[in-house]
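# Observations on the three-dimensional arrangement
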Amino acid sequence: MTMQRVMNEMKINAPSIPCGTSLVAVVELFAKHQINAIPVVNPTNEVIGFVSESDCMQALISGSYHCDKPAIVNDVMSKNVVSVSPQDSIVDIAIRMSKDNFSVYPVVEASQLVGIISRRDILKVLAENNNQCNQLS
């Protein structure tokens, strides 16, 4: 297997959201882009948080059941963001994903969000490589 890098497989122009975004809008982005987590960025496009479907679930349950004021991403986002570099190896990221159980990583270069990479993206590459290996045998 050749050394494949995140930069070749990441989603460029991936969605991100600013602080203050409603969770309903976040859920709509999950569906539109077929992802389950989105980076939260500041006005200079630095990643300051990350929000996943599971982060939204409890707040939306409470909001829909009790008709509380609408929750925003700031209320539920994870502020300890784990990101990857475009230069990182796909295999290294696959190993990290299997250990920490994240399904999406923001891809950051020079403190700026440049894309996202998902478990699905990684699995696609690994499956293609597996097929190539099988053809060589």
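Residues take numbers from 1 onward in each chain, read along the sequence in its written order. In keeping with the model being predicted, local features are shown solely for residues with a pLDDT of at least 70 and side-chain atom pairs are shown and tallied solely at 80 or more, while totals for entire chains, interfaces and linings include all residues. The side-chain numbers reported here are obtained from all heavy atoms of the structure, hydrogens and water having been left aside.

## Digging into the packing of aromatic side chains
Heads up, the rule is: Working definition: a ring pair exists when centres of Phe, Tyr or Trp rings (six-membered ring for Trp) sit within 6.5 Å. Plane angles under 30 degrees give stacked, over 60 give edge-to-face, the rest tilted. Only protein chains enter the area calculation, which uses a 1.4 Å probe; residues under 20% of their type maximum are buried, those over 50% are exposed, and those in between are partly exposed. Note on geometry: a ring has a charge over it if NZ (lysine) or CZ (arginine) is within 6 Å of the ring centre and within 35 degrees of the ring normal.
Evaluation of the coordinates by the stated rule reveals one aromatic pair. Relative to Y105, the ring of F102 lies with its centre 5.8 Å away and its plane at 85°, an arrangement referred to as edge-to-face. On the basis of relative accessible area, Y105 is assigned to the buried category, the value being 0%. Sitting above the plane of the Y105 ring, R96 keeps its charged end 5.0 Å from the centroid.

## Here's the deal with the sheet that holds strand β2 (residues 37–41)
Strands pair in a sheet through their backbones, by hydrogen bonds, and they do so in one of two ways: parallel or antiparallel. Stated formally: By definition, two strands form a pair when at least two bridges between them are found by DSSP. In this text, helices come from DSSP runs of H or I with a minimum length of four residues, and strands from runs of E with a minimum of two, each type numbered from the N-terminal end.
Spatial ordering of the open sheet is given by β1-β2-β3, a layout of three strands whose pairing is mixed. Only two strands of the sheet have a single neighbouring strand rather than two, namely β1 (17–18) and β3 (47–52). The sheet contact formed by β1 and β2 spans two bridges and is parallel. The residue of β2 that forms the bridge with I17 is V40.

## Overview of the nonpolar core
Basically, it comes down to this: Only buried Ala, Val, Leu, Ile, Met, Phe, Trp, Tyr and Cys residues count toward a nonpolar core, and they belong to the same one when joined by side-chain atoms within 4.5 Å. The criterion used for residue contact is that any of the two residues' heavy atoms lie within 4.5 Å.
Core analysis: the biggest nonpolar cluster contains 19 residues, and I17, L23, V26, V51 and V73 have the highest contact counts within it. When near neighbours in sequence (up to four residues on either side) are disregarded, V51 contacts I17, V26, F30, N36, A37, I38, V40, C56, V73, V76 and M77. Ranked by size, the runner-up nonpolar core spans twelve residues in total, among them I90, I93, A94 and Y105.

## Details of the environment of I95
The residue I95 is located in helix α5 (residues 90–100) in this model. The spacing of I95 and N129 is 34 residues in sequence and 15 Å in space, taken between C-alpha atoms.

## Overview of helix α2 (residues 23–33)
Short version of the rule: Each C-beta atom gives one direction from the helix axis, and the arc is the one those directions make.
If you check which residues of α2 are buried, you get L23, V26 and F30. On an axial view of α2, the arc spanned by its buried residues comes to 55°, and they lie on one face. More than 90 degrees from the buried face of α2, the exposed residues found are E28, A31 and K32. After α2 finishes, the residue Q34 shows a positive phi value of roughly 50°.

## Examining the pairing of β3
When you tally the buried positions in β3, you get five out of six residues, the bulk of the element. Here β2 folds back onto β3, and the loop between the two strands holds five residues, one of which, N45, carries a positive phi near 70°.

## Details of the side chain of N129
Just so we agree on the cut-off: Any pair of nitrogen or oxygen atoms within 3.5 Å is treated as a polar contact; in protein, a donor-acceptor pairing is required on top of that, and neighbouring residues in sequence qualify only through side-chain atoms on both sides.
Relative to the assigned elements, N129 resides in helix α6 (residues 119–136). Here the side chain of N129 touches Q4 through a polar contact of 2.6 Å, side chain to side chain.

## Examining the environment of A37
Relative to the helices and strands, A37 resides in strand β2. For A37, the residues in contact, after removing those within four places along its chain, are F30, F50, V51, S52 and V104.

## Some remarks on the pairing of β2
Burial analysis of β2 places five of its five residues in the buried class, which makes it a mostly covered element. Burial along β2 is two-sided: A37, P39 and V41 and I38 and V40, pointing in opposite directions, are all buried. Taken together, the five bridges between β2 and β3 define a ladder with antiparallel strand orientation. Each bridged residue has a counterpart across the sheet, and for V40 the counterpart in β3 is G49.

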